[in-house]
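Chains, contacts and geometry: an overview
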Amino acid sequence: LSMNPEDFLERLVKMHDSTDVILEGYDLVTNINEGHGIAIAGIIRLRNALMDSIEWITQNLLEGDEEEEL
């Protein structure tokens, strides 16, 4: 609750990047069953939501702070 926007953004970026590791692991699997397919789809949606959040924070919070400092 006491995290500043920059630290929160850094945390979201790390979570976004960690989805790469999971998806790369699935790329190495030759047999993907229905359950794995659902998991992959969920991770891709999570990844997109993280990216949208990162962009929103960057546009609305961090740039607003820069304007206030001027």
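Quick look at the structure, then. Given the structure is predicted, the values throughout are model-derived calculations rather than measurements.

**Section: the overall build of the protein**
When helices and strands are tallied, the protein shows two helices and zero strands. In terms of overall dimensions, the protein is more spread out than a globule: its C-alpha atoms have a radius of gyration of 16 Å, far above the 11 Å expected for 70 residues. In terms of overall dimensions, the protein has C-alpha extents of about 55 × 20 × 15 Å along its principal axes. Burial status across the protein gives 17% buried among its 70 residues. Element-wise, carbon and sulfur atoms account for 55% of the exposed surface of the protein, whose accessible area totals about 5600 Å². For the protein, the centre of its 4 positive side-chain charges and the centre of its 16 negative side-chain charges are spaced 10 Å apart.

**Side note on the nonpolar core**
Within the largest apolar cluster, six residues are counted, these being Leu-9, Leu-12, Leu-50, Ile-54, Ile-57 and Leu-62. Contributing elements (two or more residues each) for this core: helix H1 (5–28) and helix H2 (34–69). With four residues, the top contributor of residues to this core is H2. In this view, Leu-50 contacts Leu-12, Met-15 and His-16; residues no more than four positions away in its chain are not counted.

**Regarding the side chain of His-16**
Looking at the element boundaries, His-16 is found in helix H1. Classification of His-16 as buried rests on a relative accessible area of 11%. The contacts of His-16, once residues within four sequence positions are left out, are Arg-47, Leu-50, Met-51 and Ile-54.

**Observations regarding the side chain of Thr-19**
Along the chain, Thr-19 falls in helix H1. Taking the relative accessible area as the measure of exposure, Thr-19 reaches 3% and is therefore buried. At 2.5 Å, the side chain of Thr-19 forms a polar contact with the backbone oxygen of His-16. Residue contacts for Thr-19: discarding those within four places in its chain leaves Ile-43, Leu-46 and Arg-47.

The rules behind each value
- Residues numbered from 1 in each chain as written.
- Predicted model: local features only at pLDDT ≥ 70, side-chain atom pairs only at ≥ 80, totals over all residues.
- Heavy atoms only, no water.
- Helix = DSSP H or I, 4+ residues; strand = E, 2+ residues; numbered from the N terminus.
- Rg over C-alpha atoms; globule rule 2.2 N^0.38 Å.
- Buried < 20%, exposed > 50% of the residue type's maximum accessible area, 1.4 Å probe, protein only.
- Areas by Shrake-Rupley, 256 points an atom, 1.4 Å probe, with all protein chains shown as cover.
- Lys, Arg positive; Asp, Glu negative; His and termini not counted.
- Charge placed at Lys NZ, Arg CZ, Asp CG, Glu CD.
- Core = buried A, V, L, I, M, F, W, Y, C linked by side-chain atoms within 4.5 Å.
- Contact = heavy atoms within 4.5 Å.
- Polar contact = N/O pair within 3.5 Å; in protein donor to acceptor, adjacent residues only side chain to side chain.

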